[in-house]
Amino acid sequence: MPHYSGPLLTRPVAASLLAARDAGADAWRGSLDLGASTGEASLQADAWLWRQRRYPYPSALKDRTIYYWDGDAFAPVVRYAGSLIKLVPTEWGAPTFEIDGIKMLPTAKASPLDDARRKVALVEPRGKVVLDTCGGLGYFAACCLEAGAARIHSFEKNADVLWLRTLNPWSPDPESPASGGRLQLAHADVSQAIAQLADASVDALLHDPPRFGIAGELYAQAFYDQLARVLRKGGRLFHYTGSPNKLTSGRDVPREVARRLEHAGFKAQPALDGVLATRR
C-alpha cells in the first residue's frame, strides 16, 4: 500500500494554525507530520496551503486523535472491523496505537521509537538477517534499518494495522529508497507463515506479540520450537512480555516464557521488559 503524504493534524496543531491566522500572520511554521519534519504553511482567511495543496481549517478536533485528509475532509485515523484500531499521538512525535482502547506500545517514559531502539540493540542487528514476527507500526524494523541490518523479514497479521502504517510517517516504507530493499513486509500470521522459513535462515529475532490473552499461540511451546528452528546457533532473540501483575493475572508470564524458550533450545534471561535469549 502506498504511504500517505498529506498533512496530519492533532488538536494542538490545528489550534496553532488558527491562532496564527487570527493573529494576522500570513504563514505558519511547524510540523504537519507528527514531528518527522518541519515546514511552512501559507495562511489565508478561509484556508491554508501546504505543499501546493489547499486545505480548510478544521474544527472540533478531539484530543488523543490524529487526523488525515481523506480527499474531502480531515478524518480521524481510526478503523473499526470487530475491534477499534486507532493511531494515537504522543509527546514524543512518533505515535502509538490502540486496539479497543488498549495501548499497544509503551510511551509513559520514552518515545516508542526510542524504546524499540533499546530492544533492537540487544540483538545486535548490524549485517544480520532479522525476523520481526509481529511488525505493528514497524518501529523494530525502522531501528533495524537504522542499525544496518542486512535484511528484515517482518510479518503483520492485522490489515488495519498495516493501514495505520501507511499513514504514520515514522513507520518504514518497504518501497522507499531509504529502506534500500532490505525490508520485506508480509501481511500474514507468523504463527503459520514461520513454517515456510528455512532452518537456521535468520541471524536475530524480535518477537513483540500482543498480550497472552489475545494471542496465546504466539507464546506456545510449538511456536517457540519454530523460533529455535529458524534461528542459527548463537543468534539472539528479544521477546517482549511487558510486566503483567501476577497478583492480578495469576501468572508469571516472563518466567513462563523463559522456561519454554529454555525447553526449545535457548538460554534465556530477563532483559528490559521482556526476555533476552540466545540459541544454544
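Residues numbered from 1 in each chain as written. Predicted model: local features only at pLDDT ≥ 70, side-chain atom pairs only at ≥ 80, totals over all residues. Heavy atoms only, no water.

An unreviewed UniProt entry annotates the chain as Putative methyltransferase of Rhodanobacter denitrificans.

Here we take up helix H2 (residues 112–122). Count 3.6 residues to each turn of an α-helix, and residues three or four apart come out pointing the same way. Among the residues of H2, those classed as buried are Pro112, Leu113, Asp115, Ala116, Lys119 and Val120. For H2, the buried positions fall inside an angular range of 155° around the axis, keeping them on one side. Its buried side turned inward, H2 meets helix H3 (139–146), strand E15 (202–207) and strand E16 (231–240). Phi turns positive, to about 50°, at Glu124, one or two residues after H2. (Buried < 20%, exposed > 50% of the residue type's maximum accessible area, 1.4 Å probe, protein only. Helix = DSSP H or I, 4+ residues; strand = E, 2+ residues; numbered from the N terminus. Arc of directions from axis to C-beta. Contact = heavy atoms within 4.5 Å.)

Here we come to the nonpolar core. Val77, Ile152, Leu164 and Leu206 are the most contacted members of the largest nonpolar core, which has 35 residues in total. At the level of elements, strand E9 (84–88), H2, H3, helix H4 (159–167), E15 and E16 are the ones that each hand at least two residues to this core. Among the elements that take part in this core, H3 stands out by supplying seven residues, more than any other. Dropping the residues within four chain positions of it, Ile152 is found in contact with Val130, Asp132, Ala141, Cys144, Leu145, Arg182, Leu183 and Gln184. Grouped together as the second largest cluster of nonpolar side chains are 29 residues, Leu131, Val190, Tyr219 and Ala268 included. (Core = buried A, V, L, I, M, F, W, Y, C linked by side-chain atoms within 4.5 Å.)

A separate point is the packing of aromatic side chains. Each aromatic ring pair is described using two quantities: the centre-to-centre distance and the angle formed by the ring planes. Counted by the stated rule, this structure contains eight aromatic pairs. An angle of 35° between the planes, with centres 5.0 Å apart, marks the rings of Trp48 and Tyr55 as tilted. For the residue pair Trp48 and Tyr55, the accessibility class agrees, reading buried in each case. Between the aromatic rings of Phe212 and Tyr219, the centroid separation amounts to 5.4 Å while the plane-to-plane angle is 70°, which identifies the pairing as edge-to-face. Taking the relative accessible area as the measure of exposure, Phe212 reaches 27% and is therefore partly exposed. Taken together, the aromatic side chains of Trp48, Tyr55, Trp69 and Phe74 make up a single cluster linked through ring pairs. Seen from the ring of Tyr57, Arg21 lies directly overhead, with NZ or CZ sitting 4.6 Å from the centre. (Phe/Tyr/Trp six-rings, centres within 6.5 Å; stacked < 30°, edge-to-face > 60°. Lys NZ or Arg CZ within 6 Å of the ring centre and 35° of its normal.)

Under the counting rule described, the total for this entry stands at 17 salt bridges. With a shortest N-O distance of 3.5 Å, Glu124 and Arg236 are connected by a salt bridge. With Glu124 in the loop between H2 and strand E12 (129–132) and Arg236 in strand E16, the pair connects residues that are 112 residues apart, well separated along the chain. Overall, Glu124 belongs to the partly exposed group, its relative accessible area being 43%. For Arg236, a relative accessible area of 30% gives the class partly exposed. One salt bridge in this structure joins Asp199 and Arg229, with 2.6 Å as the shortest N-O distance. (Salt bridge = Lys/Arg side-chain N within 4 Å of Asp/Glu carboxyl O.)

Attention shifts here to the environment of Glu98. Relative to the assigned elements, Glu98 resides in strand E10 (residues 96–99). By relative accessible area, which is 8% here, Glu98 ends up buried. A polar atom in the side chain of Glu98 sits 2.3 Å from the side chain of Arg64. (Polar contact = N/O pair within 3.5 Å; in protein donor to acceptor, adjacent residues only side chain to side chain.)

For the rest of this paragraph, the subject is unusual backbone geometry. A positive phi is found at Gln52, a non-glycine position, where the angle reads about 65°. Within the secondary structure, Gln52 sits in the loop between strand E4 (47–50) and strand E5 (53–56). Unusually for a residue other than glycine, Glu124 sits at a positive phi of about 50°.

What follows concerns the pairing of strand E3 (residues 39–43). On E3, burial follows the alternation: Gly39, Ala41 and Leu43 on one face are buried, whereas Glu40 and Ser42 on the facing-out side are not. As paired elements, strand E2 (residues 27–30) and E3 share four bridges and run antiparallel to each other. Each residue of the ladder has a partner; that of Arg29, found in E3, is Glu40. Relative to E4, E3 runs antiparallel, the two sharing two bridges. Counterpart to Ser42 in the pairing with E4 is Leu49. (Pairing = 2+ DSSP bridges.)

What follows concerns helix H1 (residues 11–22). A rise of 1.5 Å per residue sets the reference length of H1, with its twelve residues, at 16 Å; its end C-alpha atoms lie 16 Å apart and thus fit the reference within 8%. Tucked inside the fold, the buried residues of H1 contact strand E1 (8–9), E2, E3 and E4. Of the residues one or two after H1, Gly24 is the one with positive phi, at around 90°. (Expected span 1.5 Å × (residues − 1).)

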